[in-house]
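# Breakdown of the fold
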Amino acid sequence: MTTQRISVQQLLLQPLEFVLQPPAFRFYATQTMVLLASLATVVWSLLDAQHGFELIHYVGLVFGGVLLLVSLWPASWNRQRLMNLAFDADRLYLVNGNRKQAVSLPRDRVRAVNKGKLPGHDGAIIAFTLDLQLNEEELDEVQQTLETQAEERFALGENCYRFGFVANWQPRRHLLTAISVLAPAVVPVVVEDDDEWDD
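Conventions and cut-offs
Sequence order as written defines residue numbering, which begins from 1 separately in each chain. Where local features are concerned, this predicted model is filtered to residues with pLDDT of at least 70; where side-chain atom pairs are given and counted, the filter is 80 or more; whole-chain, interface and lining totals use all residues. For side-chain calculations, the full set of non-hydrogen atoms in the structure is used, while hydrogens and water are omitted. Two aromatic rings, drawn from Phe, Tyr or Trp (for Trp, its six-membered ring), form a pair once their centres lie within 6.5 Å of each other, and the interplanar angle then sorts them: stacked below 30 degrees, edge-to-face above 60, tilted otherwise. Secondary structure elements follow DSSP: runs of H or I of four or more residues count as helices, runs of E of two or more count as strands, with numbering from the N terminus. Each residue is placed in one exposure class: buried if its accessible area under a 1.4 Å probe, protein chains only, is under 20% of its type's maximum, exposed if it is over 50%, and partly exposed if it falls in between. Every residue gets a pLDDT, meaning the predictor's confidence in that residue, from 0 to 100. Contacts are residue-level and defined by heavy atoms, with any inter-residue pair within 4.5 Å sufficient. Only residues whose relative accessible area exceeds 30% and that form no salt bridge enter a patch; like-charged residues are grouped when within 9 Å of one another, and nonpolar side chains (Val, Leu, Ile, Met, Phe, Trp, Tyr) when within 5 Å. To measure how exposed things are, a 1.4 Å probe is used in the Shrake-Rupley method; for residues, cover is taken only from the protein chains shown. Salt bridge, as used here: a side-chain nitrogen of Lys or Arg that lies within 4 Å of a carboxyl oxygen of Asp or Glu.

### Re the packing of aromatic side chains
- For the structure shown, the criterion picks out seven aromatic pairs.
- Centroid distance Phe 27 to Trp 169: 5.3 Å. Interplanar angle 45 degrees. Geometry classified as tilted. Taken together, the positions of Phe 27 in helix H2 (residues 24-48) and Trp 169 in the loop between strand S11 (160-165) and helix H5 (172-179) put the pair 142 residues apart, joining distant regions of the chain.
- In this structure Phe 27 comes out as buried when scored by relative accessible area, which is 3%.
- Ring centres 6.4 Å apart and planes at 10 degrees place the aromatic pair Tyr 28 and Trp 77 in the stacked group.

Encoded structure:
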């Protein structure tokens, strides 16, 4: 078996060519806006309700307060929780950011890169898929790491399985350009010139 399970910390110490996680500026700017909006909602609800609480104030306090607590939770500011794919010159890493684990396999296991959108099992829009050649043990190892279950529609037969990935806040054009290097190289077929036999 050529798969290896490693931690995200070990993964990030390596010279990676690409990591599929939210871009830092967009991620932290969005988190900051959510934090400020929820804080403003809670403060407005408390100030406006000094002459009596109405339904709108309760709604503002409950929803604004819950969103504020989620925004203040330190893990919400960790981009690594949303990582799901990385690769370097030799290996591909399928990442479970929530568990801070990744499984690595040789890049030549990629059989195809499919760039069409399709719905995932949880309703998320899959931005692209990778067809990977894995035996049963390797597939089981990957699914345990990612905490996923096999789906018949992604089983391609002959030890090949399709994995879907969301865009993860990346601009779609930039993302598809970055992962296109994973597509297997097509060896051109050379046809010998047989003109000499035509005479």
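### Overview of the confidence of the model for the protein
- Looking at the protein as a whole, the pLDDT averages 87, with 90% of positions reaching at least 70.
- The model gives residues 187-191 a pLDDT under 50, and that stretch makes zero contacts with residues more than four places away or in other chains.
- In the predicted structure, residues 194-199 sits below a pLDDT of 50 and forms zero contacts with residues beyond four places in sequence or in another chain.

### Looking at a nonpolar patch on the surface
- A surface patch of nonpolar side chains, amounting to about 890 Å² of accessible area, comprises Leu 46, Phe 53, Leu 55, Tyr 58, Val 59, Val 62, Phe 63, Val 66 and Val 70.
- Here the nonpolar patch takes seven residues from helix H3 (residues 55-72), the largest share from any one element.
- Its location among the elements puts Val 62 in helix H3.

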